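Listed below, chain by chain, are the residues.
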Amino acid sequence: MKTKAVRIHGKMDLRLEEIELPQVGPDDVQVKVISDSICMSSYKAAVEGAEHKRVPNDVAEHPTIVGHEFCGVITEVGENWKHKYKPGQGFAIQPAHFYKGSQMAPGYSYQYCGGDTQYANIPIETLLTDNLLNYDSDTYFYGSLSEPMSCIIGTFHAMYHTRLGSYVHDMGIVEGGKMALLASVGPMGLGAIDYALHCDRRPSLLVVTDIDDERLARAESIYTIEHAKSLGIELHYVNTAKPGCDTAYLRELTGGTGYDDVICFAPVRPVVEQAGDILGFDGCLNFFAGPTNNQFKAEFNFYNVHYLYTHLVGTSGGNTDDMKEAIAMMTSGKINPAAMVTHIGGLNAVVDTTLNLPNIRGGKKLIYTQIELPLTAIADFAKLGETDPLFAKLAEITERHNGLWSAEAEKYLLANK
């Protein structure tokens with residue numbers, strides 16, 4: 001069958017094309033993709049082309065489909081997988097397989113599988129590693145956001161602390177401890193705030209920093225100080241670019257002892273170094289942000305490593321259990337990652353959006369692959385609605401949802417576009 005898909009051919013060379021999907025064989029599962037959220041990792045793959053660790057060396061001759069945060073419906077199942085999957089079943093996908101040590105992943109490595117397409121054939125590696133996940137919901141954008149949320153959840157699980165007098169590591173953040181999220185009011189940072197407030201292992205102090213008042217104000221309007229207080233969490237939003245809001249002030253918020261857990265969301269040397277400087281005894285710093293510069297370096301206080309047991313970890317992506325946890329928390333209403341989304345668009349918007357992603361303000365860019373729609377900011381719905389009834393209705397819906405994208409908005413868009 002034919003499908004429209006966005007494929008990478010080389011460095012900064014993405015093309016929306018019509019391709020032929022191979023017929024479904026006994027070991028294949030074919031799916032209809034409904035939504036895909038665009039990740040900065042896709043931009044990095046576009047920048048690096050065949051030099052990217054997940055993009056094949058022969059991508060110029062055999063282009064692959066981009067997009068790895070996708071969700072939809074299974075349409076056809078090969079004979080060998082009928083015991084597990086059936087047409088009409090919803091799915092989400094965990095692209096990080098690590099099958100036999102391989103870095104191959106949907107959205108980077110496969111000619112016929114990725115998120116920015118109307119239809120895809122799921123590769124055998126996905127099936128063998130049990131990474132085609134059942135998604136029992138008709139809110140598709142949650143399924144797309146389960147992948148980035150799994151990265152956040154994996155980060156929290158990867159934090160660790162030591163027991164005095166032993167070398168045993170206790171995994172996870174310190175329950176009831178002091179936590180800081182630096183440069184964290186972008187889309188992934190917002191997801192981390194949501195998770196920190198609502199997971200089953202919460203800090204007692206949560207400090208969120210950035211240098212953009214507008215983005216900090218938006219975060220505070222969604223995850224309020226009052227709501228955090230009702231959960232037993234003291235929440236602070238701090239613009240570290242302002243006088244008096246420096247490293248010393250961040251430490252003062254802990255009573256001078258420093259933080260148990262710090263997550264850094266920007267590959268910026270001063271931010272990374274500040275993250276290390278605010279660690280307390282046995283403090284764990286997680287460098288979440290993935291730099292494009294393979295020579296990126298920052299200073300770290302090794303005196304404190306030796307005498308205060310401070311330590312550093314890095315995570316890139318979540319695993320299948322993390323994604324299942326994300327789906328369970330979203331579908332049960334414990335977290336609402338809609339705050340991550342600031343723009344929507346159709347498949348026709350993918351190429352320009354991905355190639356220009358660092359220059360487009362806001363959070364996640366959510367793509368609905370079965371429709372055509374220019375990339376549109378949710379904040380612009382009301383203005384566009386003055387002449388377009390579709391956006392007038394979407395503006396009305398999002399206003400009722402605190403300015404956020406929602407299941408109601410998604411259903412209306414898909415039914416009327």
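The residue count restarts for each chain, going from 1 along the sequence in the order it is written. Since the coordinates come from a predicted model, pLDDT governs what is reported: local features require at least 70, and pairs of side-chain atoms require 80 or more to be given and counted, while whole-chain, interface and lining totals use all residues. The basis for every side-chain value is the complete set of heavy atoms in the structure, and neither hydrogens nor water enter the calculation.

Remarks on the packing of aromatic side chains
Link 1 in the chain: Between 30 and 60 degrees the pair is tilted, below 30 it is stacked and above 60 it is edge-to-face, where a pair is any two Phe, Tyr or Trp rings, Trp via its six-membered ring, whose centres lie within 6.5 Å. In the structure shown here, the tally under the stated rule is 12 aromatic pairs.
Link 2 in the chain: Between Phe-70 and Phe-91 the ring centres are 6.1 Å apart and the planes differ by 75°, which places this aromatic pair in the edge-to-face class. Residue Phe-70 is located in strand β5 (residues 70–77), and its partner Phe-91 is located in strand β6 (residues 90–93); the two are separated by 21 residues in the primary sequence. With respect to class, Phe-70 is no different from Phe-91; both count as buried.
Link 3 in the chain: Where Phe-381 meets Trp-405, the ring centres are 6.2 Å apart and the plane angle is 70°; that geometry is what we call edge-to-face. Numbering goes from the N terminus for both helices and strands, where a helix is a DSSP run of H or I of at least four residues and a strand is a run of E of at least two. Burial classes follow relative accessibility: with a 1.4 Å probe on protein chains only, a residue under 20% of its type's maximum area counts as buried, one over 50% as exposed, and anything between as partly exposed.

With respect to the nonpolar core
Link 1 in the chain: Remark: nonpolar core denotes a set of buried residues (Ala, Val, Leu, Ile, Met, Phe, Trp, Tyr, Cys) joined through side-chain atoms within 4.5 Å. Core analysis: the biggest nonpolar cluster contains 70 residues, and Phe-156, Leu-181, Ile-193, Leu-206, Tyr-368, Trp-405 and Leu-413 have the highest contact counts within it.
Link 2 in the chain: Contact between two residues is taken to exist if any of their heavy atoms lie within 4.5 Å; hydrogens are not considered. Residues contacting Leu-413, with those up to four places away along its chain left out, are Ile-344, Tyr-368, Ile-371, Leu-373, Leu-390, Leu-394 and Trp-405.
Link 3 in the chain: Ranked by size, the runner-up nonpolar core spans 22 residues in total, among them Leu-205, Ala-275, Leu-285 and Phe-300.

Some thoughts on the packing of helix α13 (residues 389–400) against helix α14 (residues 407–416)
Link 1 in the chain: Where α13 contacts α14, the axes come no closer than 9 Å and their chain directions differ by 165°. As judged from the angle between their axes, α13 and α14 are roughly antiparallel. Handedness of the crossing formed by α13 with α14: right-handed. For the pair α13 and α14, contact is made by Pro-389, Leu-390, Lys-393, Leu-394, Ile-397 and Arg-400 and by Glu-408, Ala-409, Tyr-412, Leu-413 and Asn-416, respectively.
Link 2 in the chain: In this count, Pro and Cys sit with the nonpolar residues alongside Ala, Val, Leu, Ile, Met, Phe, Trp and Tyr, while Asp, Glu, Lys and Arg are called charged and the others, Gly among them, polar. Residue classes in the contact of α13 with α14 are distributed as 7 nonpolar, 1 polar and 3 charged. Under this scheme, a helix contributes an axis fitted over its contacting stretch, all axes are lines through C-alpha atoms, and angles between N-to-C directions fall in the 0 to 180 degree range. Just so you know how the angles are binned, under 35 degrees is roughly parallel, over 145 roughly antiparallel, 65 to 115 roughly perpendicular, and the rest oblique. By convention the crossing between two helices is left-handed if the near helix lies anticlockwise of the far one by an angle smaller than a right angle, and right-handed if it lies clockwise.

Remarks on helix α4 (residues 187–198)
Link 1 in the chain: By this rule the span expected of a helix is its residue count minus one, scaled by 1.5 Å. With 12 residues, α4 should reach 16 Å at 1.5 Å per residue; the first-to-last C-alpha distance of 17 Å fits that figure.
Link 2 in the chain: Among the 12 residues that make up α4, 11 are buried, leaving the element largely enclosed by the rest of the structure.
Link 3 in the chain: All of the buried residues along α4 are Met-188, Gly-189, Leu-190, Gly-191, Ala-192, Ile-193, Asp-194, Tyr-195, Ala-196, Leu-197 and His-198.

Focus on unusual backbone geometry
Trans peptide bonds make up most of the peptide bonds, and negative phi angles are found at most residues other than glycine.
Link 1 in the chain: Residue Phe-98 is not a glycine yet carries a positive backbone phi of 55°.
Link 2 in the chain: Relative to the helices and strands, Phe-98 is located in the loop between β6 and β7 (119–122).
Link 3 in the chain: Phi at Tyr-309 is positive, roughly 60°, even though this residue is not glycine.
Link 4 in the chain: With respect to the helices and strands, Tyr-309 occurs in the loop between α9 (302–307) and β16 (311–314).
Link 5 in the chain: For Tyr-309, a relative accessible area of 43% translates into the label partly exposed.

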